[in-house]
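The primary structure of each chain is shown beneath.
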Amino acid sequence: MDIQVNGARAFAATGGRPFDPGLPVTVFVHGAAFDHTVWKLQARYFAWHGGSVLAVDLPAHGLSEGPPAASIPEMADWLVALLDAAGVGEANLVGHSMGALVVLEAAARHRTRVRKLALLGAAPAIPVNDLLLDKSAEDDHHALELLTGWGYGRRAHYGVHKMPGIWMTGGGLRTLERAAPGVLHTDLVATNGYEGGEAAAATVACPALVVIGARDLMTPAKRGHALAGMFADSTTVVIPGAGHIMLDEEPDRTLDALKDFLVDAG
């Protein structure tokens, strides 16, 4: 679905059902240079089980117009502007990696707009490797290979998946290759420069979930646990064997964690 945000066209997938802002809304935010397609399983579940979904493409990503936002706070404010444009008062926010920082900052800056907050592959700060920054500045394909190599856990590199024939690292690489020139570097610079995670976590008023990949190389488990400890009300789920991109490597376990946290009993 297309939404006009700050005078530009933004796209959000709705999980295969028409969007209804009157239902409980869950918003999904992707990581650096990715797009809404990373949430295909999780978005469809919530859309078909009593809720409405917006799996967004951040500016200049996927089907959304640019230019890309230059900082995490700018992305956070854009996200809330999207909620306004879609007629959403309060929503659950779910983010992965850079997207986790975006929803964290949004929950801190716009406390009354967020019902629950779920962070996947997250840490108070996510410093980016210098080589990755340099290669992304050159739009060198090696940057995509580094991000894929470090982002997926070891099992994913050997094709281990419940669906035979699924090549996770290849699929991730193809998705990154769709990004426009300069988008990955802009995202990585924004992620690397974000220093507000600890202060934001202390400000968040809603319950928070931190989903950790036990084999995550990019946001190691100890940093995820540290982030969880900064919230007043938090739940932590560790997915054994998963790397940074657990929503692809372990989609069912990721979905179970989100269901248990976001769906109210009864």
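Located above this text is the structure these notes cover.
Below is a short write-up of the structure.

### Notes on the packing of aromatic side chains
And step 1. Taken as a whole, this structure holds three aromatic pairs when the rule is applied.
And step 2. Seen from their ring centres, Phe28 and Trp39 are 5.0 Å apart, and the 45° between their planes marks the pair as tilted. Taken as a pair, Phe28 in strand β3 (residues 25-29) and Trp39 in the loop between β3 and α1 (40-47) lie far apart in primary sequence, eleven residues in all. When sorted by exposure, Phe28 lands in the same class as Trp39, which is buried.
And step 3. With 5.4 Å between their ring centres and 85° between their planes, Tyr45 and Phe46 make a pair best called edge-to-face.
And step 4. One aromatic cluster is present, formed by Phe28, Trp39, Tyr45 and Phe46 through successive ring pairs.

### Description of unusual backbone geometry
And step 1. Here Gly66 and Pro67 are connected by a cis peptide whose omega angle stands at 5°.
And step 2. Note that Pro67 resides in the loop between β4 (52-56) and α2 (72-86).
And step 3. In the Ramachandran plot, Asp139 falls in the positive-phi region, its phi being about 55° despite a non-glycine side chain.
And step 4. By secondary structure assignment, the location of Asp139 is in the loop between α4 (130-137) and α5 (141-151).

### Points about the sheet that holds strand β7 (residues 208-213)
And step 1. Strand order in the open sheet formed by eight strands is β1-β2-β4-β3-β5-β6-β7-β8, with mixed pairing between adjacent strands. Each edge of the open sheet is held by one strand with a lone partner, namely β1 (2-5) and β8 (234-239). This sheet shows a mean twist of 25° between the axes of neighbouring strands, independent of strand direction.
And step 2. Across five bridges, strand β5 (residues 91-96) lies against strand β6 (residues 114-120) in parallel orientation.

Analysis parameters
- The residue numbering used here restarts from 1 in each chain and proceeds along that chain's sequence as written.
- Two thresholds apply to this predicted model, a pLDDT of at least 70 for residue-level local features and 80 or more for giving and counting side-chain atom pairs, whereas whole-chain, interface and lining totals are computed over all residues.
- For the side-chain quantities, the full set of heavy atoms in the structure was used; hydrogens and water were omitted.
- Only centres within 6.5 Å qualify two rings of Phe, Tyr or Trp (six-membered ring in Trp) as a pair; their planes then separate them into stacked at under 30 degrees, edge-to-face at over 60, and tilted for everything else.
- Helix numbers and strand numbers start at the N terminus; a helix is a DSSP run of H or I with at least 4 residues, a strand a run of E with at least 2.
- The buried label goes to any residue with under 20% of its type's maximum accessible area, the exposed label to any with over 50%, and the partly exposed label to all in between, with areas taken from a 1.4 Å probe on protein chains only.
- Two strands pair if DSSP finds at least two bridges between them.
- For helices, the fitted axis covers only the stretch in contact; all axes are lines through C-alpha atoms, and the angles between them, taken along N-to-C directions, range from 0 to 180 degrees.

Keep in mind these numbers describe shape, not what the thing actually does.
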